[in-house]
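Coordinate analysis (summary)
Residue-level listing of the chains:
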Amino acid sequence: MILQCLAAMLGVWAFAVLFHAPRKCYLFCAVNGAIGWICYLCLTDLGLGHGISSLIATIVLTIVSRLLAVLLKEPVTIFLVTGIFPLVPGAGIYNTAYCFIQQDWILGAEMTIDVLTFSGSIALGIIIGSIIPQKYFHNISHKLTALLR
């Protein structure tokens, strides 16, 4: 699990560079992506399905992204788009397309349902994490800065 966490961090760091995130945000983006991936791995290890695990991990990732955006005074998309990178079902999409190209219609349909479930969970997680009022994040930010002084 530690190796996967480090790989997620490295992947998000590289994606942050490609995404042209500010340099001061690289580490925070990487840690955010690792938090999301750790949540996903822990929840799947507990026996939750991939859809529920990705939903909860995305909610956590969105909340952390919004908090980082307030603390660092940067747009939330910098942390959210880069941090979501490990959760995106890229291999699943590739394998689904490959099944259809190979005319394995049944496996392709099953994989399509899995990919849509995973992707829908990510979208729903972002929505749920985004409906929390912004004032809560500002309050937390003020308390953290007061605590660190």
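See the structure printed just above.
The structure contained in this document is the topic of the report that follows. Every value quoted in this text rests on a predicted model; they were computed, and no experiment measured them.

Here's the deal with the packing of aromatic side chains
Each pair of aromatic rings is reported with the distance of its centres and the angle of its planes. Enumeration according to the criterion identifies seven aromatic pairs in this entry. Measuring from ring centre to ring centre gives 6.2 Å for Phe15 and Phe19, while their planes differ by 15°; the resulting arrangement is stacked. Note on Phe19: relative accessible area 34%, which makes it partly exposed. A centroid spacing of 5.7 Å and a plane angle of 65° characterise the contact between Tyr40 and Phe118, whose relative ring orientation is edge-to-face. With Tyr40 in helix α2 (residues 26–45) and Phe118 in helix α6 (residues 105–130), this residue pair connects regions lying 78 residues apart in the sequence. Relative accessible area serves as the criterion here: at 12%, Phe118 is assigned to the buried category. In textbook terms, an aromatic cluster arises when at least three aromatic residues are bridged by ring pairs, as seen for Phe15, Phe19 and Phe85. The ring of Tyr136 has Lys135 sitting right over it, with the charged end atom 5.6 Å from the ring centre.

Brief notes about helix α5 (residues 90–101)
Over its 12 residues, α5 extends 17 Å from the first C-alpha to the last, a length consistent with the 16 Å expected when each residue adds 1.5 Å. Following α5 by one or two positions, Gln103 adopts a phi angle in the positive range, close to 60°.

So, the environment of Ala123
Tracing the backbone through its elements, the reader meets Ala123 in helix α6. As for Ala123 and Ser54, which are separated by 69 residues in sequence, their C-alpha atoms are 9.8 Å apart.

Definitions and limits used
Along each chain, residue indices are assigned from 1 in the same order as the chain's sequence is written. Only residues with pLDDT of at least 70 are given local features in this predicted model, and only at 80 or more are side-chain atom pairs given and counted; all residues enter the totals for whole chains, interfaces and linings. Side-chain calculation: all heavy atoms of the structure are included, whereas hydrogens and water are not. Between the rings of Phe, Tyr and Trp (Trp by its six-membered ring), a pair exists once the centres lie within 6.5 Å; its type follows the angle of the planes, with under 30 degrees stacked, over 60 edge-to-face, and the other angles tilted. In this scheme, a residue with accessible area under 20% of its type's maximum is buried, one over 50% is exposed, and one in between is partly exposed, where area comes from a 1.4 Å probe on protein chains only. Counting from the N terminus, the helices are the DSSP runs of H or I reaching at least four residues and the strands are the DSSP runs of E reaching at least two. For a ring to carry a charge above it, either NZ of a lysine or CZ of an arginine must fall within 6 Å of the ring centroid while also lying within 35 degrees of the normal to the ring plane. How far a helix is expected to stretch is found by multiplying one less than its residue total by 1.5 Å.

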